[in-house]
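# Secondary and tertiary structure notes
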Amino acid sequence: MLFLIAIVMSFILYGMTSSLFPSVWTTIASDIGVDYSLLGIITMIPNATSGISSAFAYKVRRKLGTNLSVTAGLIGFLISMLFFFSAKNIVMICIAYAVLGTANGIIDTIANSYIVKAYAGGVSSFLHASWGIGSSIGPMLMSLAILNTGIYKNGFLWAAIILVITIAIFGILKVYWQEKKKTVSEEYVKLHSVSEEEKQSHIDILDTFKIHFGTIFVACFVLCGSVNSVFNAWIATFAVEQHGLSVTAGATAATCFFVGLTAMRLILTVASRYIESKTILYSGMIISLIGSALLYIKTDNEMIVHAISVIIGIGIAPVVPFLHHSIKEIFDEKYIGVIVSACNSMALIGSSITVALVSLAIKIIGINNVQIILIIYLVLALILYHQMTKSRTKA
């Protein structure tokens, strides 16, 4: 249980560190003398480095084990926060974001691999909800730093102090697990260490695309992850541009989306004990599809738009965590690590392309029709997932 708490804590820190920089970007841009429109380009850096580190995270775990791998990710967070704290130009910020993205990929992939192997789908849902909690903590921490010290950079320093404490806790846990191995069952040890067989394994990330359902599963994951990313980035803009809401009301729509998403993931932590993962996934995709279609309703009523945002958040909530969990239901255990790596890596690439595609589509077909892309993605994801669930024969 202590190790699970530590894994969840690492995901909260993953969310916290990812949300600190965007929360004060306009101030940082003014401070270092660059145009605030550069944010879109800068945020491509962590996506790229996270995609690369996700692709190789399973190899890191084979060498270091789960505990040390996650600790390495936390050290990456710490280094990036210190770079942000001392940044005086755009180059240092880019370096900080590159390090942060690399750490994100390691934490995301290895934590998910561990949870998929060791726990039920509800825990995977809770893990992703904890990222949402961390994403809310980041701006709050930055606000506190500015209110108490008047210096935004202290937000990064405070985050670094939290990370130092967490890394120390992980170090203590490492010693604890070394002692624990002497007294606990072989199955328990298997989850917290890497066997010699796994260290010598020649299974590579490219093998994901050779095994039965491997390519279909990754494609389904990329489609769903891309829809998630588009709503993360565009839900407020949809509210403002499609429905004529004020910027403030648009921001509230985004908040409603994240509240619906995080609340549903917390609910599913318990509900998944009584409902099949397959049912939860189908329901999530269908609700997301309905929510996307509801965006076509032409209304400037804030309550209706905010309600639609909540519905979309509720629908999106189970998709990624329960797709992660379904890996062990569809594939042999020896493939779990490489499949999680392949899914996370390809999803980051796919999400970046899709967000860019939405931007392009807005210019061609207009923002009022752009959700057709999301509807097509979700329909394709449903078809692919149905194709896999017709047969539960493991690869």
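Residues numbered from 1 in each chain as written. Predicted model: local features only at pLDDT ≥ 70, side-chain atom pairs only at ≥ 80, totals over all residues. Heavy atoms only, no water.

Moving on to the overall build of the protein. Along the protein, the regular secondary structure elements total 16 helices and 0 strands. Every one of the 395 residues in the protein was classed for burial, and the buried ones make up 52%. Within the protein, residue pairs in contact and separated by at least 24 positions form 82% of the contacts whose partners lie at least 6 positions apart. When the accessible surface of the protein is summed, it comes to about 17000 Å², and 69% of that surface belongs to carbon and sulfur atoms. (Helix = DSSP H or I, 4+ residues; strand = E, 2+ residues; numbered from the N terminus. Buried < 20%, exposed > 50% of the residue type's maximum accessible area, 1.4 Å probe, protein only. Contact = heavy atoms within 4.5 Å. Areas by Shrake-Rupley, 256 points an atom, 1.4 Å probe, with all protein chains shown as cover.)

The next point concerns the packing of helix α11 (residues 247–271) against helix α13 (residues 302–316). At a minimum axis distance of 7 Å, the contact between α11 and α13 shows a crossing angle of 35°. In this structure, the crossing between α11 and α13 has a hand that is right-handed. Facing Ala249, Thr252, Ala253, Cys256, Phe257, Gly260, Leu261, Met264 and Arg265 of α11, the residues of α13 in contact are Glu302, His306, Ser309, Val310, Ile312, Gly313, Ile314 and Ile316. Among the residues making up the contact of α11 with α13, the classes are represented as 10 nonpolar, 5 polar and 2 charged. (Axes fitted to C-alpha atoms, helices over the stretch in contact; angles between N-to-C directions. Left-handed = near helix turned anticlockwise from the far one by under 90°. Nonpolar A, V, L, I, M, F, W, Y, C, P; charged D, E, K, R; others polar.)

As a further point, take the nonpolar core. One finds Phe217, Phe231, Phe238, Met285, Leu323 and Ile339 to be the most contacted residues of the largest nonpolar core, which totals 61 residues. Contributions of two or more residues to this core are made by α4 (44–86), α10 (214–243), α11, α12 (277–294), α13, α14 (319–330), α15 (336–365) and α16 (371–389). Top contributing element to this core by residue count: α10, with 13 residues. (Core = buried A, V, L, I, M, F, W, Y, C linked by side-chain atoms within 4.5 Å.)

Trp25, Ile28, Ala29 and Ile32 are the residues of helix α2 (residues 25–32) that are buried. Relative to the axis of α2, the buried residues are bounded by an arc of 100° and lie together on one face. When the buried face of α2 is taken as reference, the exposed residues oriented beyond 90 degrees from it are Thr26 and Ser30. Once α2 finishes, Gly33 follows within two positions and takes phi at roughly 75°, a positive value. (Arc of directions from axis to C-beta.)

We now examine α4. Taking 1.5 Å per residue, 43 residues should reach 63 Å; α4 reaches only 21 Å between its end C-alpha atoms and comes up short. Considering bend angle alone, the principal kink of α4 is centred on Gly65 and spans about 115°. (Expected span 1.5 Å × (residues − 1). Bend = angle between axes of the 7 residues up to and from the residue.)

This part is about the confidence of the model for the protein. A residue-level look at the protein finds 89% of positions with pLDDT of 70 or above and a mean pLDDT of 83. Confidence over residues 185–192 falls short of pLDDT 50; this stretch has 14 contacts with residues more than four positions distant or in other chains. (pLDDT = per-residue confidence, 0-100.)

Our focus in this paragraph is the packing of α4 against α15. Two elements in contact, α4 and α15, have axes separated by 8 Å at closest approach and are oriented at 175°. Of the possible angle classes, the one that applies to α4 and α15 is roughly antiparallel. Two secondary-structure elements touch here, α4 through Asn47, Ser50, Gly51, Ser54, Ala55, Ala57, Tyr58 and Arg62 and α15 through Gly337, Val338, Ser341, Asn344, Ser345, Leu348 and Ser352. The residue makeup of the contact of α4 with α15, split by class, is 5 nonpolar, 9 polar and 1 charged. (Parallel < 35°, antiparallel > 145°, perpendicular 65-115°, else oblique.)

This part is about the environment of Ile316. Residue position: Ile316 is located in helix α13. Taking relative accessible area as the criterion, Ile316 reaches 3% and is therefore assigned buried. Ile316 sits 54 residues away from Thr262 along the chain, and the two C-alpha atoms are 9.9 Å apart.

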